[in-house]
Structures are given as C-alpha cells and as structure tokens.
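Here is what each chain is made of, one letter per residue.
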Amino acid sequence: MKGFDIMNKQLNAVIFDLDGVITDTAEYHFIAWKQLAEQLGITFDRAFNEQLKGVSRMESLERILALGGQTDRYTMAEKEALAHQKNEHYKQLIARMTPDDLLPGMLDLLRELKRQNIKIGLASASKNAFTVIERLGIREYFDTIVDAAKVQNSKPHPEIFLTAAEQLRVDPSTCIGVEDAQAGVAAIKAANMFAIGVGDKEALKEADYIVETTADLTYDAIVRAFYRE
Ligand code: B16
Ligand code: MG
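What counts, and where the lines are drawn
Residues numbered from 1 in each chain as written. Chains lettered and ligands numbered in written order. Predicted model: local features only at pLDDT ≥ 70, side-chain atom pairs only at ≥ 80, totals over all residues. Heavy atoms only, no water. Phe/Tyr/Trp six-rings, centres within 6.5 Å; stacked < 30°, edge-to-face > 60°. Helix = DSSP H or I, 4+ residues; strand = E, 2+ residues; numbered from the N terminus. Buried < 20%, exposed > 50% of the residue type's maximum accessible area, 1.4 Å probe, protein only. 1 Å grid on protein atoms, 1.4 Å probe; cavity = no way out; pocket = protein on both sides within 12 Å on 5 of 7 lines; lining within 4 Å. Points joined across faces, edges and corners; volume = space filled by probe spheres on them. Nonpolar A, V, L, I, M, F, W, Y, C, P; charged D, E, K, R; others polar. Domains from an automatic or database assignment. Salt bridge = Lys/Arg side-chain N within 4 Å of Asp/Glu carboxyl O. Near = heavy atom within 4 Å. Polar contact = N/O pair within 3.5 Å; in protein donor to acceptor, adjacent residues only side chain to side chain. Areas by Shrake-Rupley, 256 points an atom, 1.4 Å probe, with all protein chains shown as cover. Sits in = over half its atoms within 2 Å of the grid points.

Draft legend 1. The arrangement of the packing of aromatic side chains in detail. One pass over the structure, following the stated rule, counts 4 aromatic pairs. With 5.7 Å between their ring centres and 80° between their planes, Phe194 and Phe226 make a pair best called edge-to-face. Within this pair, whereas Phe194 is found in strand 7 (residues 194-198), its partner Phe226 is found in helix 9 (residues 219-228), the two being separated by 32 residues in sequence. Per residue, the accessibility class of Phe194 equals that of Phe226, and both read buried. Ring centres of Phe226 and Tyr227 lie 5.0 Å apart, and the angle between their planes is 85°; on these two criteria the pair is classed as edge-to-face. Classification of Phe226 as buried rests on a relative accessible area of 1%. Overall, the relative accessible area of 16% leaves Tyr227 in the buried class.

Draft legend 2. Molecular detail of the layout of surface pockets. For the largest pocket, the calculated volume is near 640 Å³. Around the largest pocket, the lining is made up of 35 residues, and of these Val55, Ser56, Arg57, Ala125 and Ser126 lie nearest the centre. Mapped by element, the contributors of at least two residues to the lining of the largest pocket are helix 1 (26-39), helix 3 (57-67) and helix 4 (76-94). Ranked by residue count, the leading element in the lining of the largest pocket is helix 4, at 6 residues. Here the residues of the lining of the largest pocket sort into 12 nonpolar, 14 polar and 9 charged. Both domains that furnish three or more residues to the lining of the largest pocket are identified here as domain 1 (13-24 + 100-228) and domain 2 (26-94). If you add up the space inside the second largest pocket, you get close to 420 Å³. What lines the second largest pocket is a set of 25 residues, and nearest its centre among them are Glu50, Lys53, Asp180, Ala181 and Gln182. Residue assignment for the lining of the second largest pocket shows that the elements contributing at least two residues are helix 3 and helix 8 (182-190). Residue composition of the lining of the second largest pocket, grouped by class: 8 nonpolar, 9 polar and 8 charged.

Draft legend 3. Highlighting the pattern of salt bridges. With the rule as written, the count across this model stands at 14 salt bridges. Close ionic contact of Lys150 with Asp147 constitutes a salt bridge, the shortest N to O distance being 3.9 Å. The class of Lys150 is partly exposed, set by a relative accessible area of 48%. A salt bridge links Glu202 to Lys205, with the shortest nitrogen-to-oxygen separation between them at 3.0 Å. In this structure, Glu202 and Lys205 share a single accessibility class: exposed.

Draft legend 4. Focus on the site of ligand 1. Close to ligand 1 lie 19 residues, the nearest being Gly54, Val55, Ala125, Ser126 and Asn128. At a separation of 2.6 Å, an oxygen atom of ligand 1 approaches a polar side-chain atom of Ser126. Between Lys127 and ligand 1, the recorded distance is 2.7 Å, taken from a backbone N or O atom to an oxygen atom. Against a free-state accessible area of 460 Å², the protein chains account for coverage of 98% of ligand 1. When atoms are counted within 2 Å of each cavity's grid points, the one that captures over half of ligand 1 is the largest pocket. Counting residues per element, the ones that place at least two in the shell around ligand 1 are helix 3 and helix 4. In terms of residue class, the shell around ligand 1 is made up of 5 nonpolar, 7 polar and 7 charged. Domain assignment of the residues forming the shell around ligand 1 places at least three in each of domain 1 (13-24 + 100-228) and domain 2 (26-94).

In structure tokens:
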C-alpha cells in the first residue's frame, strides 16, 4: 500500500505545476517578453505579465500583440520568429538558475513525498520544463515529466494532468494537483483530482485547498487536506 488509506481514500501521487509552484520562472518570462514587447513598441508591465502565467508561448505572444493593438500586423511565420527570439532570450536566463531558485519549502516537500513512497509528477505548460528541473537539481524526484510538447490541449483542459496520472499508472482520484494559475486549478478539477492552489484565495477559489505561499505546502498539511475532503 502506498500512502495513507482511510475509508477507501488513497493518495498515490502529487502532480506539480512548475512556474509559480516549484520555482518562479515568471520573472524570467517577464524579462524576455518585456524586451521583445519594447522592440515592437508595446509597453509591457508586471501587472500584464500576471495574465501570462500558465499561458502557452504562442498565446502569450498573441496577448502581447493584442495589448499593443498589433494583432493583424504579423504573418504566422513572423510570429513564430518573434516567439523563437523570446525563447532564445529566456533560455539564456534560465541557464543561470541554481537550486537556490527553488521556492520555499519545495525541496522538503519533494523529499518527504519520496520518503513516503508517493509518486511525483510534473505537469507544465513550458517546453523548457525539463531544463528548469535539471538546473534546479531536482530531476531525481520526478517519476514523470509531462510538458507542453507532449500534449495537444492547454490548461484548463485536463489532458496534461491526466497524461501525468496515466504515466504514473495511478487513478486520477488518488492524485493531488498543485497549481498557482486559475486555468491550472480548473484543469486539475476537470481531471477529477484534488486541487491545491498556491496564491490568491479569490482567484483560486475553485481549488479544494488553498495556501498563500509554498512555505505552507508541507507534507502534513496537504495530506490532512486530502483526507479531510
Ligand atoms: P515556454 P507552467 C508556463 O509554465 C508559464 O507560466 C507561462 O508563463 C509560459 O508562457 C508557459 O509555461 C510556456 O513556457 O515558453 O517555456 O514553453 O506554469 O505551466 O509551469
Ligand atoms: Mg504556473
């Protein structure tokens, strides 16, 4: 038996989002998008960057172009080139990441889940997820990594979380999903998993359990929340 088993409920796996849960790559996405936006004559600030969390690369570019009233200015090939340019800059920035970039409490949580034989998955909209996990020095903790390159549908579609559960060979109802974005929480719920939101209570109100910061994501707290439901 893996994990706890109280009244037929069992926790077999925890599936994490990356940006905003394990590390704050949002800052690097911000720097790279800002530089591209400025080049295009579009004013881009942190408040707008919030709207891009959990959103795919191409959709992020579309939103930035819409912000600048430039939706129809570029061909598809030009948009691909702009997205590529942003990604090259982003890759330079994440190459400098170290284990110090892990958000508070996350290493302890991964260690404890491993110790308790609970499977660990990653479900990230980022095609750079693997590199980031390597830079953070936590590759060994993950039993599966599902990134945007492996799925057709973006969050809030449940595909990425369901694929992770399938690869871990566990039933979705025995999984916890952890997310900082509203679309991510919706994806977890649509996958029939227990949703933990990290961040704003109002924005993440669909989640089954919400913590303000990752420092509150302790093993005891999440297990207690899962079995209380
Ligand atoms: P890439 P997550 C998401 O990561 C980011 O929150 C979002 O800002 C980014 O645009 C997206 O990944 C795609 O990233 O350009 O590296 O493929 O929160 O799903 O881990
Ligand atoms: Mg996120």
